[in-house]
Amino acid sequence: MNAYAPILVLGALGAGFAIFSVVMATLIGPKRYNRAKLEAYECGIEPTPTPAGGGRFPIKYYLTAMLFIIFDIEIVFLYPWAVTFDALGVFGLVEMLLFVLTVFVAYAYVWRRGGLEWD
């Protein structure tokens, strides 16, 4: 347990700072509400009214989010590999090249199908 103590202390400090920041901003922050501040902000254009049940998002939004998650997971696998690269040797290099090649093929497929174009 002693090996994990610094990690737990760092996590507690980070959570404490986040909670402290939110609470202090709520308590001492300016409270000048007006109609413009209470409306939704849509990239500088006038907000459009939404239907009673909420608006529907286009499927491209969800596809883009899933693609981001898939290619972000690649980094999760690359980082531990980079840390233990010396211990893995040539086997680790070949396995990672195959993994990156597989991800690149998926990327090329998505690109050719137009999944990266935002219409």
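Reading the values: rules and limits
- Residues numbered from 1 in each chain as written.
- Predicted model: local features only at pLDDT ≥ 70, side-chain atom pairs only at ≥ 80, totals over all residues.
- Heavy atoms only, no water.
- UniProt positions renumbered as here; feature names shortened; annotations may be inferred.
- Patch = residues over 30% accessible without salt bridge, like charges linked within 9 Å, V, L, I, M, F, W, Y side chains within 5 Å.
- Areas by Shrake-Rupley, 256 points an atom, 1.4 Å probe, with all protein chains shown as cover.
- Salt bridge = Lys/Arg side-chain N within 4 Å of Asp/Glu carboxyl O.
- Helix = DSSP H or I, 4+ residues; strand = E, 2+ residues; numbered from the N terminus.

Per an unreviewed UniProt entry, the chain is named NADH-quinone oxidoreductase subunit A, and its organism is Streptomyces regalis. As recorded by UniProt, the Catalytic activity (unreviewed entry) comment attached to the chain reads in full: "a quinone + NADH + 5 H(+)(in) = a quinol + NAD(+) + 4 H(+)(out)". Listed in UniProt under the heading Subunit (unreviewed entry), the comment for the chain reads: "NDH-1 is composed of 14 different subunits. Subunits NuoA, H, J, K, L, M, N constitute the membrane sector of the complex."

Q: Any chance you could explain a nonpolar patch on the surface here in plain terms?
A: Taken together, the side chains of V90, V94, L98, L101, F104, V105, Y107, W111 and L116 present a nonpolar region at the surface, about 900 Å² in accessible area. With respect to the helices and strands, the residue W111 is situated in helix α4 (residues 85-113).

Q: Is there a simple way to think about the UniProt feature "transmembrane region" (unreviewed entry) in the chain in this case?
A: The UniProt entry lists residues 6-28, 61-82 and 88-110 under the feature "transmembrane region" (unreviewed entry), expressed in the numbering used here. A helix fraction of 100% and a strand fraction of 0% characterise residues 6-28, whose end C-alpha atoms lie 32 Å from each other. Between the end C-alpha atoms of residues 61-82 the distance is 32 Å, and the span holds 100% helix and 0% strand.

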